[in-house]
2 protein chains.
Amino acid sequence: MSVTAPLGFRAAGIAAGIKAGGARDLALIVNDGPCRAAAGVFTVNRVKAAPVLWSQQVLSGGRVHAVVLNSGGANACTGPLGFQDTHATAEKVAQALDDSAGEVAVCSTGLIGERLPMDPLLAGVDLAVSQLARDGGLAAADAIRTTDTVSKISFRRGEGGYMVGGMAKGAGMLAPGLATMLSVITTDADLPAELLDEVLRRVTRVTFDRLDADGCMSTNDTVLLLASGASGTVPDLAEFEQVLLAVCADLVRQLLLDAEGASKAIAVEVVGAASEDDAVTVGRSVARSNLLKCAIHGEDPNWGRVLSAVGTTDAAFEPERLNVAINGIWICRGGAVGDDRSKVDLTPRDVTITVDLSAGPHTATIHTTDLTAAYVHENSAYSS
Amino acid sequence: MSVTAPLGFRAAGIAAGIKAGGARDLALIVNDGPCRAAAGVFTVNRVKAAPVLWSQQVLSGGRVHAVVLNSGGANACTGPLGFQDTHATAEKVAQALDDSAGEVAVCSTGLIGERLPMDPLLAGVDLAVSQLARDGGLAAADAIRTTDTVSKISFRRGEGGYMVGGMAKGAGMLAPGLATMLSVITTDADLPAELLDEVLRRVTRVTFDRLDADGCMSTNDTVLLLASGASGTVPDLAEFEQVLLAVCADLVRQLLLDAEGASKAIAVEVVGAASEDDAVTVGRSVARSNLLKCAIHGEDPNWGRVLSAVGTTDAAFEPERLNVAINGIWICRGGAVGDDRSKVDLTPRDVTITVDLSAGPHTATIHTTDLTAAYVHENSAYSS
């Protein structure tokens, strides 16, 4: 189902020969309308890949007819020639659809710093167009995988009968300012681009932006939201936001569980913060502590490493009023030893670290993973 | 030699029984004068261990008679009772020396969140006092080790015959806002506390503060500088600064080479920056990229991961003017592919990553290590 769960969308996922080994590596999603309203959020990394620079221009118009995505190469740090490659890819899709390239978004993922093999890629576009189908969503989700071990898809039905569907990829380089490398979400609800943009920003801020697997921000992160209007339903905006939130949260959960080399899914839940910004800042700092992530991997409830990460932030708190629970046991109270640490059960895959700043009513949760030898191995050997 | 290389200092390092296993775990350094001028810099972590809070008070007076240091426990996050333990330790040393506790600095290192075993520790102070000796510097350096595999010591002679000597420990949790957990540096030069403070801050800013092994900032980091004046030499301040710089740089190099689980010593050298702050910011961001650190471990010259780390900063640069060299080969030029990456030799232990921001004349170098399965192992198993 994935991106083709809503009416008005066709998709394909094919092997163009960009990746060695013959796996699928090119996805195409086409919005057959009647509407083409779209919104996008992109990496805030100042070193942006060519497809990000291109797609930001496309999305500024608020309309997307098609999205073409490739794995097997990020087309990042490839200079003006890399940008020409992205442009040529969009033109090729536009020609095949008899439309303008100005409504064709492009996404790429894979190694940075290498040009894409344009001959097989452009030939692949023709193949993908020929295979566009209403049931092509799964193949498209498969084609954007890199080190992802599984495809990530989700869909939900909204009130009045419209659908929201989505796919995502991203097993490494998950970090704030977008935590996934690529995600495309579709809906057959009828909403204008301005409202899509508004809702997408609110939803990604509390979903994709709060996943931080390894603190490394990608050059290619992109989340696109496309609306066909094919259901004829004009949803209540608040209700639509909840449905979109459910789809994004589901995709984030799948990304977290498939993060490179991870053996634990850690939720860093900050409560008692003076502001939501403080809660996010503290959550990120804890989620980025390599020492803590190693401790959780070793099933050691090392709350001292939590406090030392909290202490590096400028959030409002008093050290002697900090409380920390791991999996529900308050092992640190008032900045010092609390309940018996032997009561903490760290054997489950899911780990919740609760940090109480005792400074106000605000909360936020950041999702991360443990740090493992498998992560080191995967990221030492990636390009070789 | 170490801290007893300069005249006027005695030291001891003994096994008090704080650590299980009978290894040395208590060090004492006494300044016999004629001067007692001293300066200190401390962790900027807002969660500070009890000995840091105590020693900051002591150093505010500009005089230190003795420093007592223990391994086997950090006395951090131990509440008011932990502070009382630090106070009691200082009092015990003061009694043995027939002096006031107000000139006794205390340092602790080890696990966070556990009270120190005070009975063996206080008995150990008596033993240490009885063993104070002019050749006790090596034993003291040995006694402050935790996961350090070797003692770190250094000394240099200055013009006019004065000496500067030092010891340090710190194999993990090396991060800015002091990169070592503990270091004591001594000199028999004759300098007042205000000048020691001024010089120490300038020197630590470009040495200890630019070592960032794992991005984790300790609750206990302390660097103390003690002057006995016993050589009778009043050094030229600029010359003294160079000697102190040499000792601190040597200690930092030893810390880097002994960082937990590291197989590479990485210098991230930022050039062409619009300001020194920009250079430091970019250097830290690159030095903290887990993905890059894994790549270097795998001897993969993955310059894309360098650029993506640079791109997360707010330093002045244009993406299309960034250049990156690894071990002297400019594999990224103008933000895109440069020289042949196969020319990069990553087999040596020392790796230099040069980032040219093309934005100005300023430079800075941050030192870090690679990320290895051994680091994960050591920090997963530390407390068990």
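Our subject is the structure that appears above.
Everything quoted here is computed from the prediction, not taken from an experiment. (Residues numbered from 1 in each chain as written. Chains lettered and ligands numbered in written order. Predicted model: local features only at pLDDT ≥ 70, side-chain atom pairs only at ≥ 80, totals over all residues. Heavy atoms only, no water.)

The subject of this paragraph is the packing of aromatic side chains. Enumeration over the complete set of coordinates arrives at four aromatic pairs over all chains. When the centroid spacing of 5.8 Å and the interplanar angle of 40° are considered together, the rings of Tyr-162 of chain A and Phe-240 of chain A count as tilted. With Tyr-162 of chain A in the loop between β6 (152–157) and β7 (163–169) and Phe-240 of chain A in helix α6 (residues 237–257), this residue pair connects regions lying 78 residues apart in the sequence. The same class applies to Tyr-162 of chain A as to Phe-240 of chain A, namely buried. One residue, Arg-46 of chain A, lies across the ring of Phe-317 of chain B, its end atom 3.9 Å from the ring centre. (Phe/Tyr/Trp six-rings, centres within 6.5 Å; stacked < 30°, edge-to-face > 60°. Helix = DSSP H or I, 4+ residues; strand = E, 2+ residues; numbered from the N terminus. Buried < 20%, exposed > 50% of the residue type's maximum accessible area, 1.4 Å probe, protein only. Lys NZ or Arg CZ within 6 Å of the ring centre and 35° of its normal.)

Now for the interface of chain B and chain A. At the junction of the two partners, chain B supplies 50 residues and chain A supplies 50 residues. The contact between chain B and chain A buries some 3800 Å² in all, and 60% of this surface belongs to carbon and sulfur atoms. The largest share of the area that chain B buries against chain A comes from Arg-46, Asn-290 and Leu-291 of chain B, three residues that together contribute 17% of it. Inspection of the region where chain B meets chain A yields zero salt bridges. (Contact = heavy atoms within 4.5 Å. Buried area = accessible area lost by both parts, 1.4 Å probe. Salt bridge = Lys/Arg side-chain N within 4 Å of Asp/Glu carboxyl O.)

What follows concerns the sheet that holds strand β5 (residues 104–108) of chain B. Residue and element names in this part refer to chain B. Pairing is mixed across the open sheet formed by four strands, whose spatial order is β1-β2-β4-β5. Two strands in the sheet have a free side with no partner beyond their single neighbour: β1 (9–14) and β5. Going from strand to strand, the sheet's axes swing by 10° on average, the running direction of each strand aside. One ladder, built from five bridges, connects strand β4 (residues 66–70) with β5; its direction is parallel. Across the sheet, the residue bridging to Asn-70 is Ser-108, located in β5. Strand contacts of helix α2 (residues 79–97): β2 (26–31), β4 and β5, with the helix running at about 135° to β5, the strand carrying the most contacts. (Pairing = 2+ DSSP bridges. Axes fitted to C-alpha atoms, helices over the stretch in contact; angles between N-to-C directions.)

So, on to the environment of Cys-216 of chain A. All names here are of chain A. Checked against the element boundaries, Cys-216 lands in the loop between α5 (193–206) and β9 (222–227). Among the residues examined, Cys-216 registers a relative accessible area of 6% and is labelled buried. In this structure the C-alpha to C-alpha distance between Cys-216 and Val-280, which are 64 residues apart in sequence, comes to 17 Å.

What follows concerns the pattern of salt bridges. Residue and element names in this part refer to chain A. What the rule picks out here adds up to 44 salt bridges over all chains. Note that Asp-339 and Arg-333 form a salt bridge whose closest N and O atoms lie 3.0 Å from each other. On the accessibility criterion, Asp-339 (29% relative accessible area) is partly exposed. Each of Arg-36, Arg-63, Asp-99 and Glu-103 takes part in salt bridges that share partners, so that together they form one network.

Moving on, we get to the packing of helix α10 (residues 373–380) of chain A against helix α8 (residues 290–297) of chain B. Running from amino to carboxyl end, α10 of chain A crosses α8 of chain B at an angle of 70°, the nearest separation of the two axes being 7 Å. Taken as axis vectors, α10 of chain A and α8 of chain B run roughly perpendicular relative to one another. For the pair α10 of chain A and α8 of chain B, contact is made by Tyr-375, Val-376, Asn-379 and Ser-380 of chain A and by Asn-290, Leu-291, Cys-294, Ala-295 and His-297 of chain B, respectively. Class assignment for the residues of the contact of α10 of chain A with α8 of chain B results in five nonpolar, four polar and no charged. (Parallel < 35°, antiparallel > 145°, perpendicular 65-115°, else oblique. Nonpolar A, V, L, I, M, F, W, Y, C, P; charged D, E, K, R; others polar.)

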